[in-house]
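Residue strings, one per chain:
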Amino acid sequence: MSAEIVQLVQQAGPYLSTAVSAYGVAVFSRAENAAVDATANLGRQILQAVWRRRDERGRAELEAAVQDAAEAPEDEDAAAAVRQQIKRALREDAELRAELARLLPASGETVHVTAAGERSIAAKTITTAITGDHTTIQP
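In this report, we go over the structure that sits alongside the text.

Reading guide: rules and limits
- Residues numbered from 1 in each chain as written.
- Predicted model: local features only at pLDDT ≥ 70, side-chain atom pairs only at ≥ 80, totals over all residues.
- Heavy atoms only, no water.
- Helix = DSSP H or I, 4+ residues; strand = E, 2+ residues; numbered from the N terminus.
- Expected span 1.5 Å × (residues − 1).
- Buried < 20%, exposed > 50% of the residue type's maximum accessible area, 1.4 Å probe, protein only.
- Contact = heavy atoms within 4.5 Å.
- Axes fitted to C-alpha atoms, helices over the stretch in contact; angles between N-to-C directions.
- Parallel < 35°, antiparallel > 145°, perpendicular 65-115°, else oblique.
- Nonpolar A, V, L, I, M, F, W, Y, C, P; charged D, E, K, R; others polar.
- Core = buried A, V, L, I, M, F, W, Y, C linked by side-chain atoms within 4.5 Å.

## Some details on helix α2 (residues 38-53)
A rise of 1.5 Å per residue sets the reference length of α2, with its 16 residues, at 22 Å; its end C-alpha atoms lie 23 Å apart and thus fit the reference within 8%. Burial in α2 covers these residues: Ala40, Asn41, Leu42, Gly43, Arg44, Ile46, Leu47, Gln48, Ala49, Val50 and Trp51. Each element contacted by the buried residues of α2 is listed here: α1 (3-23), α3 (56-71), α4 (76-92) and α5 (94-103).

Right, dumping it as structure tokens:
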């Protein structure tokens, strides 16, 4: 297996785990959710990208792995099965490797973010930021 695939899967791992925890198997049909953090949303994008490029059998295998991981979030073997499905898809599809490389933050990238002052927020990348003393999120 190429080092590129191993690196992509290692880098995607936390995003995948968070997406599976947040969405379960609904990850394949859900749109981005402002109430879910950016990590889960990126994991959702990764899983959906893989899902779109798989055939019917590949989709069923990926869905089963995600279902197992969602039902047993502390089971490292279940999480490994999801990563294995991602590796298989990446080995078979060079375009998918390129797409995931674009989605994931550059490895080794150094980011310096400073937040100063009362109620300040800081982020390298942000989709939605909701702040304030009495802010609520409406469904």
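## Description of the packing of α2 against α3
At a minimum axis distance of 9 Å, the contact between α2 and α3 shows a crossing angle of 150 degrees. As far as their axial angle goes, α3 and α2 are roughly antiparallel. In this structure, α2 contributes Leu47, Val50, Trp51 and Arg52 to the contact, and α3 contributes Arg59, Leu62, Glu63 and Val66. Along the lines of polarity and charge, the residues of the contact of α2 with α3 split into five nonpolar, no polar and three charged.

## Re the nonpolar core
Core analysis: the biggest nonpolar cluster contains 30 residues, and Ile46, Leu47, Leu62, Val66, Ile86 and Leu90 have the highest contact counts within it. Going through the elements one at a time, α1, α2, α3, α4 and α5 are the ones with two or more residues in this core. For this core, the element with the most residues is α1, which contributes nine residues. Apart from residues no more than four positions distant in its own chain, leucine 47 is found in contact with Leu16, Ala19, Val20, Val27, Phe28, Leu62, Val66, Val82 and Ile86.

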